[in-house]
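Tertiary structure, described
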Amino acid sequence: MPIEVLAPDVVAKIAAGEVVERPASVVKELVENAIDAGSKQIRIEASHGGIKLIRVIDNGLGISSGEVALAFERHATSKVRGTADLESISTLGFRGEALPSIAAVSQVNITTRTSKDSTGTYLNLQGGKVIERGQKASPQGTSVTVQNLFQNVPARLKFLKSIPTESAHISDLVSQYSLAYPEIRFELAVDSKTVLQTPGNGNLRDVLVEVYGLKTAEAMIEVVDSGSQVYGFVSPPSLTRSRRDSLSFFVNRRWVKSGLLTRATEEAYSGLLMTGKHPIAVLNISIPLSDIDVNVHPAKTEVRFRSEGEVFTLVQRAVRAALVAEASVPDTKRAPRPIGLSTATAGLDRTAMQERLFNEPAPAQVQHPHKVLPESRLPILRIIGQLAVTYIVAEGPDGMYLIDQHAAHERILFEQVMAQRARCAVEVQGTLEPVTIELSPRQESMLNRAQEALKSYGFAVEPFGGKTYLVRAAPALLGEGDIIRVVHEIIDMFSEEGDRAKGDEEIAATIACHGAVRAGKVLNVEEMVRLVRDLEKAESPLTCPHGRPSMIRFSSSQLERDFGRSS
Ligand code: ADP
Ligand code: MG
């Protein structure tokens, strides 16, 4: 074919393909427009996965009667004027492409009225062309109805997923925006059934109740950093999902997909979650407009940060601080926290922490410096004895503690290994006699990649001929742990390209697991005291590196109640 400039309708359809990938993309653009228009209430209707009908009704500013048709021209926008404006975009929309793109692939009816116009204006479009227009009475705001989406783009229609899947995408999308804008009342009806309704009272936890249910919402931990740059909620380590689909990130309240923010959040949970488990998070990060670029993706779902490292640290620290502050010893029976109660505990000092954990009143002058982490979350415990050769029984200021000796020791060793490693000061023990170890061909091929890590953790592994290798040294913290098994496990970790930080943790956890005292080992009082003292010094004493609890508490008040000493 000779080269020719494409006809406008072909160009429009190609452009529409980028913006409108699926019915949920239409909902996204219309909801963003409603938010940009300052709406306090937004109602969304969808039927048949959004293919038959999508309607978004808002009570925002509206479009003045003379500009309605213009809004459907490509690159027509009221949000950006010059190139300088692109440096600091504060609205969700800015490309002026959504309405024309949607209109190019569907039938659109719009009715809108501003506060200045006495009657509303309506416009019907088909395949991007205005086929009817007029005036009619209507409330202030805008209502856009999109019908028969992709009817004129069979290729796109073919690639849509099932109706339930497309409906689910719509629900997810509206949920995300309702989480980003708790002050807006959202209502979503799918096939005439109301599936989401938020109060619009500005309280994010109340939106969480609607999106994730009461129990989850109650358990979520509030995240607020000292500079008020990060705000939101994250799940406690005990509440996880097996997929990463419950992580919602907003940058200046724009919903974004971001590997960086995902990693920063998951990093904050390091050592607290079992492998393959993911937290729930809803976090907004406020960043000066000039420090981000939102003009990266046609659907505006990605942003670029000027300083990725700073954003990573900011989010990781804020979430970590909230988790550490909130961490509490699991009670045998724990009363749910009431909704709406502020749980802003980031950076609580030790006294406030005592109050939180043990219901002791803190002195009135306690301030929240929002900076230092508590050095320990454990009170001084008095050892009573060993139970079932597995648990240490201890007494604290508020009740009785059962400490799992293996899990607790694992936690202590894990943190020590990580700390030694971070200081490049791993203590090494030479093996009395060299230990020989046999590697499978697969393991041999991975040994090269594993060598550096093995060395940095204190292992010296060298070839001895054939498939046999000698281990001449091991980390001192491994103690009498099974050197051969640990080396095998570490080498096996290198079979998959993984993320490096995770790899480090896994190695430390393996060393800790094999170095730790086993359940079934009799401990004398000195050993138990040492273990508990070390645990008191740990950064996250309440769980083992895999996220299992290292102790449970029977509170004094609970004991009193159980023995009928109080009501
Ligand atoms: P953009 O949002 O990028 O400006 P759109 O094509 O989505 O581009 O919308 C074009 C223009 O139409 C907007 O700039 C805005 O002025 C107007 N508009 C669209 N939807 C609404 C709405 N719900 N309420 C008020 N104005 C709207
Ligand atoms: Mg828009």
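What comes next is a walk through the structure.

The next thing to look at is the overall build of the chain. Helices and strands together make up the secondary structure of the chain, namely 16 helices and 22 strands. Residue burial in the chain is summarised as follows: out of 567 residues, 49% are buried. Surface summary for the chain: the accessible area is close to 27400 Å², and the carbon and sulfur share equals 52%.

For the rest of this paragraph, the subject is the site of ligand 1. Near ligand 1 there are 20 residues, and of these Asn 33, Thr 77, Ser 78, Lys 79 and Gly 96 occur at the shortest range. A distance of 2.6 Å separates an oxygen atom of ligand 1 from a polar atom in the side chain of Thr 77. Compared with its free state, where it exposes 530 Å², ligand 1 has 92% of that area covered by protein. By residue number, the principal contributor to the shell around ligand 1 is helix α3 (residues 98-104), which donates three residues. By residue class, the composition of the shell around ligand 1 is nine nonpolar, seven polar and four charged.

Sheet strands pair via backbone hydrogen bonds, and the direction of the pair is either parallel or antiparallel. Pairing in this open sheet of three strands is antiparallel, and the strands run β19-β21-β20 from one edge to the other. Of all strands in the sheet, those bounded by a partner on one side alone are β19 (428-438) and β20 (460-463). When strand polarity is set aside, the average angle formed by the axes of neighbouring strands in this sheet is 20°. As paired elements, β20 and strand β21 (residues 468-475) share four bridges and run antiparallel to each other. Note that in β21 the partner of Glu 462 across the bridge is Leu 470. The strands that helix α13 (residues 483-493) touches are β19, β20 and β21; relative to β19, the one it contacts most, it runs at about 70°.

Bringing helix α11 (residues 405-422) into the picture now. Relative to the 26 Å expected for 18 residues at 1.5 Å per residue, α11 spans 26 Å between its end C-alpha atoms, a close match to the ideal helical length. A large share of α11 lies buried, amounting to 13 of its 18 residues. Positive backbone phi, at 55°, marks Cys 424, one or two positions downstream of α11.

Below, the discussion takes up the environment of Ser 143. Position of Ser 143 relative to the elements: it lies in strand β6 (residues 141-147). When the C-alpha positions of Ser 143 and Ala 34 are compared, they lie 9.3 Å apart, and in sequence the two are 109 residues distant. Apart from the residues lying within four places of it in its own chain, the contact partners of Ser 143 are Arg 55, Val 56, Ile 57, Asn 109, Ile 110 and Thr 111.

The subject of this paragraph is the state of the cysteines. Going through the model one piece at a time under the given rule, you end up with zero disulfides. Looking at Cys 513, it has no disulfide partner, and the nearest cysteine sulfur is the one in Cys 544, 8.5 Å off. For Cys 513, a relative accessible area of 22% corresponds to the partly exposed category.

Rules used throughout
Residues numbered from 1 in each chain as written. Chains lettered and ligands numbered in written order. Predicted model: local features only at pLDDT ≥ 70, side-chain atom pairs only at ≥ 80, totals over all residues. Heavy atoms only, no water. Helix = DSSP H or I, 4+ residues; strand = E, 2+ residues; numbered from the N terminus. Buried < 20%, exposed > 50% of the residue type's maximum accessible area, 1.4 Å probe, protein only. Areas by Shrake-Rupley, 256 points an atom, 1.4 Å probe, with all protein chains shown as cover. Near = heavy atom within 4 Å. Polar contact = N/O pair within 3.5 Å; in protein donor to acceptor, adjacent residues only side chain to side chain. Nonpolar A, V, L, I, M, F, W, Y, C, P; charged D, E, K, R; others polar. Pairing = 2+ DSSP bridges. Axes fitted to C-alpha atoms, helices over the stretch in contact; angles between N-to-C directions. Contact = heavy atoms within 4.5 Å. Expected span 1.5 Å × (residues − 1). Disulfide = S-S within 2.5 Å.

Don't take any of this as a statement about function, it's just geometry.
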